[in-house]
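In case you want the letters, here they are:
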Amino acid sequence: MSKYHLVCGLEVHAELKTASKMFCGCKNDPFHAPQPNIYTCPVCLGMPGGLPVANKKAIDWTLKLGLALNCKINLFSKFDRKHYFYPDLPKGYQISQYDIPFCYDGDIETSEGKVRIRRIHLEEDTGKLLHQTLDGEKVSLVDFNRSGVPLIEIVTEPDIKTASQAKEYGKKLRDLIRYLDIGDCDMEQGGMRLEANISLRSESTDELPNYKVEVKNINSFRFLEQAIAYETERQSEILNQNQTPAQETRGFNPTIGQTFAQRTKEEAEDYRYFPDPDIPPLHFTKVEIKEIENTLPELPHQVIERWRAEYQIDPRFAEPFTNYQVMVEWTELILKRATEKKIEANKLLSDIINKKIDAEIGRSIEDILTDFVRLHQTAEVDTTEIETIIDQVKAEHPDEVTRYQNGEVQLLNFFIGQTMRKLGKKVDMNLIRTALQKALNS
């Protein structure tokens, strides 16, 4: 059996939470609409004579995300028409971007290496199909409340080498979009959708494969990981038969954990792209881009590095507190006060993560730190009392004492537990450990 390496790129779609839609003034709130098709107008319904006007805030937010991802910015850009027929696309084309996206050449660091971002472009979302049974008959209904919602698409290079790296990349991207407060990324509702372009190359070559399989509309990171794992196995079997997997679009069935064929994958020419004649091209100045860059907050990785330097915090304890800007600001207040009271930051954050301390935003910081002190408060104990209890523990467990003295030093934790139980109060662990090591080695 030949061995293969995964070659994978992701396309991530995320809706922006602007007040209005991308090319009209309709309300942008498809998931909380009281009825279908109420946030609509001639523009987002594709009616003759409806003229689109681009949403400036959506454009600014797209540029903001690009800058946060180290992207270069095209100072000249435009919107294009992407033609295809589907019932949820009333115009018969989608307003998107083709050859001149707003952002390009960015990256995200993962624990398994850097993932390069090829492009970030802005487009409009489609309507939503609802498959139901009415009066005993199966029908498909269309809700156009989502039609025209601003949608960013982030496309990577084929840098992803494992399913776990794909999952990590997706989570980091979602967390950044939420951190910048430009999108909710509610995956259950469809506010963020994942598509994986998957192929395999032989371990004997570095050349990219001559095919790729796209798995579309994945709505969870766990399903993304499963879909990539399944495709890796499926494509390996095909390649081992000296065949090439079909270049196609597939869906993923989470119930059985398998992908299934949907249609032959389209190429760019199939969409007949051309510049949208109703929307003028966009020109940006370097000053305008700098103004947007200046609105960027301190980003999560920057916060983690600063906390490491200022408070000596291990990144694994810092990361859970950098999901939202308001959480960073609140944690900063706690850390500053903890430093003043000479409380170890790593222990404090660890206790909050493990829910040993309630540090809900808005709670009194003094109460939070008091809880920490109380949690770690140890009782005063006479060394003679400790020595007496250790002698009792040794007498009750002679076999374990012999094993420890013969080299099974991991049994020290057993003796610590037995001693602490007999003491019946919280005592400095280092004091117990030192006393035990002295008693067991004598």
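> Please clarify how the overall build of the protein should be interpreted in this entry.
Along the protein, the regular secondary structure elements total 13 helices and 16 strands. A globule of 442 residues ought to have a C-alpha radius of gyration of about 22 Å, yet the protein, at 29 Å, is considerably larger. Expressed as lengths along the three principal axes of its C-alpha atoms, the size of the protein is roughly 90 × 60 × 55 Å. When burial is assessed residue by residue, the protein has 46% of its 442 residues classed as buried. Counting contacts in the protein only where the partners sit at least 6 residues apart, residues at least 24 apart contribute 69% of the total. Total accessible area computed for the protein in this model is approximately 23,200 Å², and 49% of it derives from carbon and sulfur atoms. Taken as two groups, the 57 positive and 70 negative side-chain charges of the protein have centres that lie 1 Å from each other.

> Sorry, what's going on with the sheet that holds strand 7 (residues 113-124) here?
Two modes of strand pairing occur in sheets, parallel and antiparallel, and in both the strands are linked by backbone hydrogen bonds. In space, the 9 strands of this open sheet follow the order 2-6-7-10-1-11-12-13-14, with mixed pairing throughout. The sheet terminates laterally at strand 2 (72-73) and strand 14 (258-264), the two strands that pair on one side only. Pairing geometry for strand 7 and strand 10 (residues 150-156), over 7 bridges, is antiparallel. When the bridges of strand 10 are listed, Glu123 appears paired with Leu151. This element, helix 3 (residues 221-240), spans strand 1 (4-15), strand 11 (192-202), strand 12 (213-218), strand 13 (248-253) and strand 14 of the sheet and lies at about 25° to strand 11.

> Would you mind showing me how to read the nonpolar core here?
Soluble globular proteins tend to bury their nonpolar side chains together. In terms of nonpolar packing, the biggest core is built from 70 residues, with Leu65 and Phe79 touching the most fellow members. No other element matches the 7 residues that helix 1 (residues 56-68) contributes to this core. Val303, Ile304, Phe317 and Phe372 belong to the second-largest nonpolar core, a separate cluster that totals 25 residues.

> How should I be thinking about the pairing of strand 13 in this particular structure?
A regular strand places its side chains on the two faces of the sheet in alternate fashion. In terms of burial, strand 13 is largely enclosed, as 5 of its 6 residues are buried. Taken together, the 2 bridges between strand 12 and strand 13 define a ladder with parallel strand orientation. Paired with Glu214 across the bridge in strand 13 is Thr249. Note: strand 13 against strand 14, 6 bridges, orientation antiparallel. Following the sheet pairing, Phe252 is matched in strand 14 by Thr259. Count of turn residues in the strand 13/strand 14 antiparallel hairpin: 4 residues, of which Gly257 carries a positive phi of about 70°.

> In this structure, what is going on with the pattern of salt bridges? I would like to understand it.
Working definition: two side chains of opposite charge can pair if their charged atoms are close together. For the coordinates displayed, the defined rule picks out 36 salt bridges. With its nearest N and O atoms 3.6 Å apart, the salt bridge here joins Asp125 to Arg146. Of the two residues, Asp125 is situated in the loop between strand 7 and strand 8 (128-134) and Arg146 in the loop between strand 9 (137-143) and strand 10; the sequence distance between them amounts to 21 residues. Using a relative accessible area of 3% as the deciding quantity, one classes Asp125 as buried. Note that Asp175 and Arg174 form a salt bridge whose closest N and O atoms lie 3.2 Å from each other.

> Could you clarify how one ought to interpret the packing of helix 10 (residues 383-396) against helix 13 (residues 429-440) in this entry?
In a packed pair of helices, the relevant descriptors are the angle between the two axes and the axis-to-axis distance. Contact pair helix 10 / helix 13: the axes reach a minimum separation of 10 Å and the direction vectors enclose 55°. With respect to helix 13, the element helix 10 is oriented oblique. Taken as a pair, helix 10 and helix 13 cross one another with a handedness that is right-handed. From helix 10, Ile386, Ile390 and Lys394 reach across to helix 13, where they touch Leu431, Ile432, Ala435, Leu436, Ala439 and Leu440. Residue classes in the contact of helix 10 with helix 13 are distributed as 8 nonpolar, no polar and 1 charged.

> I keep staring at the packing of aromatic side chains and nothing clicks. Help me out?
Inspection of the entire model under this criterion finds 9 aromatic pairs. Relative to Phe284, the ring of Phe102 lies with its centre 5.9 Å away and its plane at 65°, an arrangement referred to as edge-to-face. Of this pair, Phe102 sits in the loop between strand 5 (93-96) and strand 6 (103-110) while Phe284 sits in the loop between strand 16 (282-283) and helix 4 (286-293), placing them 182 residues apart in sequence. Judged on exposure class, the residue Phe102 and its partner Phe284 are both buried. When the centroid spacing of 6.0 Å and the interplanar angle of 65° are considered together, the rings of Tyr271 and Tyr273 count as edge-to-face. When its relative accessible area of 22% is taken as the criterion, Tyr273 is described as partly exposed. Ring pairs connect the aromatic residues Phe23, Phe79, Phe102 and Phe284, which therefore count as one cluster. Taking NZ or CZ as reference, Lys82 lies 4.5 Å from the ring centre of Tyr271, over its face. The lysine or arginine in question, Lys91, covers the ring of Tyr93, its NZ or CZ lying 5.4 Å from the ring centre.

Calculation rules
Residues numbered from 1 in each chain as written. Predicted model: local features only at pLDDT ≥ 70, side-chain atom pairs only at ≥ 80, totals over all residues. Heavy atoms only, no water. Helix = DSSP H or I, 4+ residues; strand = E, 2+ residues; numbered from the N terminus. Rg over C-alpha atoms; globule rule 2.2 N^0.38 Å. Buried < 20%, exposed > 50% of the residue type's maximum accessible area, 1.4 Å probe, protein only. Contact = heavy atoms within 4.5 Å. Areas by Shrake-Rupley, 256 points an atom, 1.4 Å probe, with all protein chains shown as cover. Lys, Arg positive; Asp, Glu negative; His and termini not counted. Charge placed at Lys NZ, Arg CZ, Asp CG, Glu CD. Pairing = 2+ DSSP bridges. Axes fitted to C-alpha atoms, helices over the stretch in contact; angles between N-to-C directions. Core = buried A, V, L, I, M, F, W, Y, C linked by side-chain atoms within 4.5 Å. Salt bridge = Lys/Arg side-chain N within 4 Å of Asp/Glu carboxyl O. Parallel < 35°, antiparallel > 145°, perpendicular 65-115°, else oblique. Left-handed = near helix turned anticlockwise from the far one by under 90°. Nonpolar A, V, L, I, M, F, W, Y, C, P; charged D, E, K, R; others polar. Phe/Tyr/Trp six-rings, centres within 6.5 Å; stacked < 30°, edge-to-face > 60°. Lys NZ or Arg CZ within 6 Å of the ring centre and 35° of its normal.

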